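Spelled out from the first residue to the last, the chains are:
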Amino acid sequence: MATLKPLRDKVVVERSEAEEKTPGGIVLPDSAKDKPKQGTVVAVGSGRVMDSGETKPLEVKKGDRVLFGGYAGSEVKMDGRAYLIMSESEIFAIIESGKK
Amino acid sequence: MATLKPLRDKVVVERSEAEEKTPGGIVLPDSAKDKPKQGTVVAVGSGRVMDSGETKPLEVKKGDRVLFGGYAGSEVKMDGRAYLIMSESEIFAIIESGKK
Amino acid sequence: MATLKPLRDKVVVERSEAEEKTPGGIVLPDSAKDKPKQGTVVAVGSGRVMDSGETKPLEVKKGDRVLFGGYAGSEVKMDGRAYLIMSESEIFAIIESGKK
Amino acid sequence: MATLKPLRDKVVVERSEAEEKTPGGIVLPDSAKDKPKQGTVVAVGSGRVMDSGETKPLEVKKGDRVLFGGYAGSEVKMDGRAYLIMSESEIFAIIESGKK
Amino acid sequence: MATLKPLRDKVVVERSEAEEKTPGGIVLPDSAKDKPKQGTVVAVGSGRVMDSGETKPLEVKKGDRVLFGGYAGSEVKMDGRAYLIMSESEIFAIIESGKK
Amino acid sequence: MATLKPLRDKVVVERSEAEEKTPGGIVLPDSAKDKPKQGTVVAVGSGRVMDSGETKPLEVKKGDRVLFGGYAGSEVKMDGRAYLIMSESEIFAIIESGKK
Amino acid sequence: MATLKPLRDKVVVERSEAEEKTPGGIVLPDSAKDKPKQGTVVAVGSGRVMDSGETKPLEVKKGDRVLFGGYAGSEVKMDGRAYLIMSESEIFAIIESGKK
């Protein structure tokens, strides 16, 4: 099975198709023009290269559930599943399953 | 209950729906093309990453009432409440309940 | 009474409505397409964050009469008075009441 | 009498209306689409703030006759005279009255 | 036989024509407007020159199978084979033949 | 005979007119909208000045056969031959006559 | 007689009107959409101010014959002669009268 190793600040995300029905979770409004989407991080790049030459490690890690812009990323299919490859800057937030 | 942990300079804001009626507060003019909105900060990211590689902590913190551009952020619904995720740079000011 | 604490390089300015009639003062031409406006600084942010990560304090301070672009800032009303929130970079000059 | 204290890299210039007739001076062609204009520097800002955080003093000083782009600056009237407020970067050159 | 030595952050990639049929591999959806493409890195430049003056070596190396934007690069033919010359920033990920 | 000394990151290139017929060489497809062109470097500038103030020497040198974008550079004629003056960043790769 | 002292990276160039006829010199093609022009540097600014705050001296000096873009600069007339004021970055190369 082939896997993807993203470059630099790229992140591979598997979209959650059932996101609208998760109870107690995040429901995304239909009316929004750029609906944020949910997904799970599958692979992350080595970090974002700054102008200074420094490489900053990414904030998201494999397994994180994330929220990102509805138009974020490029779509890729691997072994029958849909993935998105996007820059970490296109990810808004990590969704933490609330213990609170 | 799920919560959102914003990335970098992102901020989660809960919009104040009743803002036009707050007495002694800030009234936003109807005529403005980009009406600033009020809200309360619910969660903040880890900081803004500068070109130098340095991370600057955000100026706003959880609980702050803030004023931001009318088109700022992306809308998200969680547990029936509407939230906005925006960059801190889209926030104009903190509204301090005047003791003066 | 609520007050505004601007973020970073933001400045809150109260517009001078009577500016066209001030004798010996600055008269702004009607014909200019982007007429500079006058006002008084009411609150200033903590400073402009440079790419280097350094924060530069603003040049204007509370009480300064300032001249700014006619389209500068976002309009906000508080306690019946109109304010503008703008970046300091939208301010051209401080108007000093001439002792000279 | 009110005076203007420009911010940062801003410069206040009084336009020379009689510029086309100055003998031995600079004559600006009528046909140019963006005719450079002449004027005299009346006030200068504290300097240009670089990305590094450093402030570079301006090259022009009060009293300099300068040449600038025909569309440079914003027009302001003070005590019956027309002034332009522009960034120093809109000024091309200082006109030195030739001793040569 | 002539070979290409890319400059700086440029990468020469030989496109995989048979990519849609590779079993267990990555299948690219027909509907995507900017379909990512696969290929094999044939030559890499000396590195990306940062604003700081530092040169960062590239993450991809000769022989890597890579995924890149459908419009990435400029097409060149050498000895009857089609190549693409692109910036490394146009490459999304390295495709690792899965041992997992 | 006059020669050209390019400034900074500029490079003078003499275009190879016969490029389409070179056997074993690089054949450029007719269909490409921005057909890369071949040529020989005739003169190079002193280097690219980085934001940091540092000057990076160019990677190409006099005599290099190079591949560049079909719309790269400005055309100049000197002593009956056509030259192009372009920034080194418009050059994709050096063509090495293969010993392999 | 008035002279021009250019600011920063500005350069004053006197255009060579007779350029098309110089034997053994550079002949500029009529067909080019942006025909490079020749001229002689008359005055140079103090240097280009980099983001780092450093000032880099210019590469061209008074007396240099230079080649620049056909649309470069702003036209100025002084004492009956036409000059162009441009940024050094609009100059492609210095024309050296060949001793070779």
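Everything discussed here concerns the structure shown above.
Residues numbered from 1 in each chain as written. Chains lettered and ligands numbered in written order. Predicted model: local features only at pLDDT ≥ 70, side-chain atom pairs only at ≥ 80, totals over all residues. Heavy atoms only, no water.

Peer 1: Now, about the overall build of chain A: what can you tell me, with residues and values included?
Peer 2: Scanning chain A from terminus to terminus reveals 0 helices and 10 strands. Listing every helix and strand of chain A by position from the N terminus yields β-β-β-β-β-β-β-β-β-β. Burial statistics for chain A: of 100 residues in total, 49% are counted as buried. Residue pairs in contact within chain A that sit at least 24 positions apart in sequence constitute 66% of those at least 6 positions apart. When the accessible area of chain A is evaluated, it comes to approximately 4700 Å², of which 51% is carbon and sulfur surface. (Helix = DSSP H or I, 4+ residues; strand = E, 2+ residues; numbered from the N terminus. Buried < 20%, exposed > 50% of the residue type's maximum accessible area, 1.4 Å probe, protein only. Contact = heavy atoms within 4.5 Å. Areas by Shrake-Rupley, 256 points an atom, 1.4 Å probe, with all protein chains shown as cover.)

Peer 1: I'd like a rundown of the pattern of salt bridges, residues and numbers included.
Peer 2: Summed over the entire model, instances satisfying the criterion amount to 21 salt bridges over all chains. With a shortest N-O distance of 2.8 Å, Glu88 of chain E and Arg8 of chain A are connected by a salt bridge. Here Glu88 of chain E is found in the loop between strand S9 (81-87) and strand S10 (91-96), whereas its partner Arg8 of chain A is found in the loop between strand S1 (3-6) and strand S2 (10-15) on a different chain. The two residues Glu88 of chain E and Arg8 of chain A agree in class, both being buried. (Salt bridge = Lys/Arg side-chain N within 4 Å of Asp/Glu carboxyl O.)

Peer 1: Before we move on, could you go through the environment of Leu67 of chain B and cite the residues and values that matter?
Peer 2: Mapping Leu67 of chain B onto the fold places it in strand S7 (residues 65-68). Residues Leu67 of chain B and Ile95 of chain B, spaced 28 residues apart in sequence, show a C-alpha to C-alpha distance of 6.9 Å.

Peer 1: Summarise a negative patch on the surface; cite the residues concerned and give the values.
Peer 2: Among the surface-exposed residues, Asp51 of chain B, Asp51 of chain C, Asp51 of chain D together with Asp51 of chain F lie close enough to one another that they form a single negatively charged patch. Mapped onto the secondary structure, Asp51 of chain B falls in the loop between strand S5 (48-49) and strand S6 (55-56). On the basis of relative accessible area, Asp51 of chain B is assigned to the partly exposed category, the value being 31%. (Patch = residues over 30% accessible without salt bridge, like charges linked within 9 Å, V, L, I, M, F, W, Y side chains within 5 Å. Lys, Arg positive; Asp, Glu negative; His and termini not counted. Charge placed at Lys NZ, Arg CZ, Asp CG, Glu CD.)

Peer 1: Just give me the short version of the interface of chain A and chain E, but keep the residues and values in it.
Peer 2: Taken residue by residue, the interface counts 24 residues in chain A and 28 residues in chain E. Taking both partners together, chain A and chain E bury about 2300 Å²; carbon and sulfur atoms supply 53% of that area. Of all residues in chain A, the largest losses of buried area upon contact with chain E belong to Lys5, Leu7 and Arg8 of chain A, amounting jointly to 24% of the total for that side. Applying the counting criterion to the chain A and chain E interface returns 1 salt bridge. Along the contact surface separating chain A from chain E lie 11 residue pairs in polar contact (both at pLDDT 80 or more). Secondary structure elements with two or more residues in the side of chain A that touches chain E: S1 and strand S8 (74-78) of chain A. Considering each element in turn, the side of chain A that touches chain E owes the most residues, 5 residues, to S8 of chain A. Considered class by class, the residues forming the side of chain A that touches chain E number 10 nonpolar, 6 polar and 8 charged. Two strands pair when backbone bridges link them, and S1 of chain A and S10 of chain E are joined in this way by 4 bridges, in the antiparallel orientation. Across the sheet, Lys5 of chain A pairs through a bridge with Ile94 of chain E, a residue of S10 of chain E. (Buried area = accessible area lost by both parts, 1.4 Å probe. Polar contact = N/O pair within 3.5 Å; in protein donor to acceptor, adjacent residues only side chain to side chain. Nonpolar A, V, L, I, M, F, W, Y, C, P; charged D, E, K, R; others polar. Pairing = 2+ DSSP bridges.)

Peer 1: Could you give an account of the interface of chain F and chain E, naming the residues involved and the relevant values?
Peer 2: Counting residues at the interface gives 28 residues for chain F, matched by 24 residues for chain E. Carbon and sulfur atoms make up 53% of the area that chain F and chain E hide from each other, which totals about 2300 Å². Linking chain F with chain E are 10 residue pairs in polar contact (both at pLDDT 80 or more). Residue assignment for the side of chain F that touches chain E shows that the elements contributing at least two residues are strand S3 (26-27) and strand S10 (91-96) of chain F.

Peer 1: Go over the relation of the copies chain F and chain E with me, naming the residues and quoting the values.
Peer 2: One copy of the chain maps onto the other through a rotation about an axis plus a displacement along that axis. For these two chains of identical sequence, chain F goes onto chain E by a turn of 51° and a shift of 0.1 Å along the axis, with RMSD 0.0 Å. Taken as a fraction of all interface residues of chain F, those also at the interface in chain E reach only 11%, which identifies the copy contact as different-surface. (Least-squares fit on C-alpha atoms with pLDDT ≥ 70 in both.)

Peer 1: Which residues make up the relation of the copies chain A and chain E, and what values go with them?
Peer 2: Taken as rigid bodies, chain A and chain E are interconverted by a rotation of 51° and an axial shift of 0.0 Å, the fit giving an RMSD of 0.0 Å. Here only 12% of the interface residues in chain A have copies in chain E that are interface residues too; the copies meet through unlike faces.

Peer 1: Would you mind going over the pairing of strand S8 (residues 74-78) of chain B in detail, with residue names and values included?
Peer 2: All names here are of chain B. Only one face of S8 is buried, namely the one carrying Ser74, Val76 and Met78, since none of Glu75 and Lys77 on the opposite face is buried. The pairing of S8 with strand S9 (residues 81-87) spans 5 bridges and is antiparallel. If you follow Met78 over to S9, its bridge partner there is Arg81. Linkage of S8 to S9, two consecutive antiparallel strands, is achieved through a turn of 2 residues, within which Asp79 is found at a positive phi near 55°.

In short, geometric facts, not functional conclusions.
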